[in-house]
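Chain and residue survey
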Amino acid sequence: MLEDLFSVVKTRFNGDDKSPQKLRKNDIPSDIMFKCPRCSGVSFMDDFISNSKVCPNCGYHSRISAKERLEITIDKGSLIEFDKNMISKNPIDFPDYPEKQAKLREKTKLNDAVVTGEARIRGLRVVIAVMDSRYMMASMGSVVGEKLTRAFEYATQNKLPIIVFTASGGARMQEGTVSLMQMAKTSGAVARHNAAGGLYITVMTDPTTGGVTASFASLGDIIIAEPKVLIGFAGRRVIEGTIKQRLPEDFQSAEFLMEKGFVDMIVERRKIRRTIAHLIKLHGGVKEDE
Amino acid sequence: MSSLLASERLDLIRNKYRPTVRDYIPLIFDDFFELHGDRYYGDDGAIIGGIGYFKGTPVTVLAQVKGRNLEENKASNFAMPHPEGYRKALRLAKQAEKFHRPVICLIDTPGAFCGIEAEERGQGEAIARNIMEFMTLKTPVISIVLGEGGSGGALALGVCDELAMLENAIYSVISPRGFASILWKDASREREACDIMKITAEDLVYLGICEEIIPEPDGGAHISADETADNISKYLDDAIKRKLQKGIDELLIERYNKFRKIGEFDELV
């Protein structure tokens, strides 16, 4: 689970190099060049950014912020954000949790790990939620759980489709069992949206793991994944510890999940917006002025 | 009530004489028939499912199985279910709904199994599906944590109308060991983790997650399985009667709200 995510990323991305972190720091100016953590290929930062932060060499879809995701997904200026000012408390009095949050709020300009709201995609009304892995690896605590639940409830009440871009290390340990219960809370809201006949599309992005995979992320009517992203329940290191051997590189990749039957389609970042619009139309979505 | 630290309770629930569902089921239920298999892949020994009478009322029982010795633990995979275990539980829960039987879930797991096959067969999806389906299951569901309630692997049997815990049971977002290993990169600080995680029955009542604490005999459940089973029966008798009095619509609204209200946040203006 969460415990391994960081080491997973390290081991998967660094390959077998001895000290790639150091190499990267010394050899490649990170503001001019992009070194892909997946294929180790180097490209110009401009090319990487103009390619929607997809590695021009291997097609790895790197992590992007919620803000960047919204920019490439929804109609410009169409977002009406929900619950922008909701912040977490400290339900289990976890040491230093409030201080850590305050620092992250300052650094990321986010109040927690998900942005929710109503928006339009090619003119079609949707409710959208985007998780941002820069904020505590987008782990789910009270705020993520509450904002997603409200977004689903709003979509149910207003008969709107809902699109959730998932990325998460899992449940947020610093909020203890309260975090675990957010899995039930969000899934309950999905159940009501589902019972009301609403369309729910999940887009799994890097990384979608732990308690988020084991709740709302896996419950979409249609599950899209970005190429080569990490999707799984248990962490790689835990599994390797259990079986005492190394796992293949593509284990828990989007492609692996599709082969096993848990993902409907893998869609490149630049095609996601139009794919979502098509899917909504297929489910009877109409433009505001139609 | 117990004044033990969470880490001291950990010792009690790991006591090798602590009763398991194999002890409790014959003491609590009559004419219990085990039903096997998820109808898709196989039968998981980590979860027992079946039907029987509870004080004359037919009920469905879903229970995670800790072994009492190595042989039993091999068969039950140390109570760590695979996806087919959760899918069996869901199948039997749907059956209970069809025949209007209350469902009783007995939780006792370190967590869902972490392995290659579990991932290949969709451990995350199986847990997610159970959580969502139990939320709208049209029959009363009572869950009791007997020992360890570990993570999503426990929650997959924990979406219920009422959650009770044995006095020394714990229920956590991740095992104390996992918690220590992530936060301090040192799994051996498990006991320390235990005591800051707020995972005892009293903690969870305070947090609005657990509704009822079922007493254990002085010294822990292993002192007397009979007495503990009696206490569980007394609680279940009340809880089932309470829930059966309600209409299904009311029950489902209350179940949704039980989880809906959990979470602590501020809204800045």
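These remarks concern the structure in this document.

Criteria and cut-off values
Residues numbered from 1 in each chain as written. Chains lettered and ligands numbered in written order. Predicted model: local features only at pLDDT ≥ 70, side-chain atom pairs only at ≥ 80, totals over all residues. Buried ≥ 20, exposed ≤ 12 C-beta atoms within 10 Å, placed from the backbone. Helix = DSSP H or I, 4+ residues; strand = E, 2+ residues; numbered from the N terminus. Right-handed = clockwise from strand over helix to strand, strands pointing away. Pairing = 2+ DSSP bridges. Core = buried A, V, L, I, M, F, W, Y, C linked by C-beta atoms within 7 Å. Contact = placed C-beta atoms within 7 Å. Axes fitted to C-alpha atoms, helices over the stretch in contact; angles between N-to-C directions. Left-handed = near helix turned anticlockwise from the far one by under 90°. Nonpolar A, V, L, I, M, F, W, Y, C, P; charged D, E, K, R; others polar.

**Let's talk about the pairing of strand β8 (residues 200-208) of chain A**
Residue and element names in this part refer to chain A. Most of β8 is tucked away: nine of the nine residues are buried. With helix α7 (residues 176-195) bridging strand β7 (residues 162-168) and the parallel β8, this β-α-β connection has right-handed handedness. The sheet contact formed by β8 and strand β9 (residues 222-225) spans four bridges and is parallel. Bridging across to β9, methionine 204 finds its partner in alanine 225.

**Some remarks on the nonpolar core**
Of all hydrophobic cores here, the largest spans 154 residues; its most connected members are A:Val126, A:Ile162, B:Leu62, B:Ile131, B:Ile144 and B:Met165. The element best represented in this core is α7(A), accounting for eight residues. The contacts of B:Leu62, once residues within four sequence positions are left out, are B:Ile47, B:Gly49, B:Ala89, B:Leu92, B:Ala93, B:Val103, B:Cys105 and B:Leu157.

**Let's talk about the packing of α7(A) against helix α6 (residues 123-135) of chain B**
Where α7(A) meets α6(B), the axes come as close as 8 Å, and the angle between the chain directions of the two elements is 65 degrees. Here α7(A) runs over α6(B); the crossing is right-handed. Between α7(A) and α6(B), the residues in contact are A:Met183, A:Ala184, A:Ser187, A:Gly188, A:Val190 and A:Ala191 and B:Ala128, B:Ile131, B:Met132 and B:Met135, respectively. Residues of the contact of α7(A) with α6(B), tallied by class, amount to eight nonpolar, two polar and no charged.

**Details of the interface of chain A and chain B**
Listed by partner, the interface residues are 48 residues for chain A and 44 residues for chain B. Looking at the side of chain A that touches chain B, the elements that each hand over two or more residues are α1 (2-14), β4 (86-88), α6 (142-157), α7, α8 (210-213) and α9 (236-243) of chain A. Among the elements that take part in the side of chain A that touches chain B, α7(A) stands out by supplying 15 residues, more than any other. Looking at the side of chain A that touches chain B residue by residue, the class counts come to 25 nonpolar, 18 polar and five charged. Where β4(A) meets strand β9 (residues 265-267) of chain B, three bridges bridge the pair, whose relative direction is antiparallel. Bridge assignment links A:Ser88 to a residue of β9(B), and that residue is B:Phe265.

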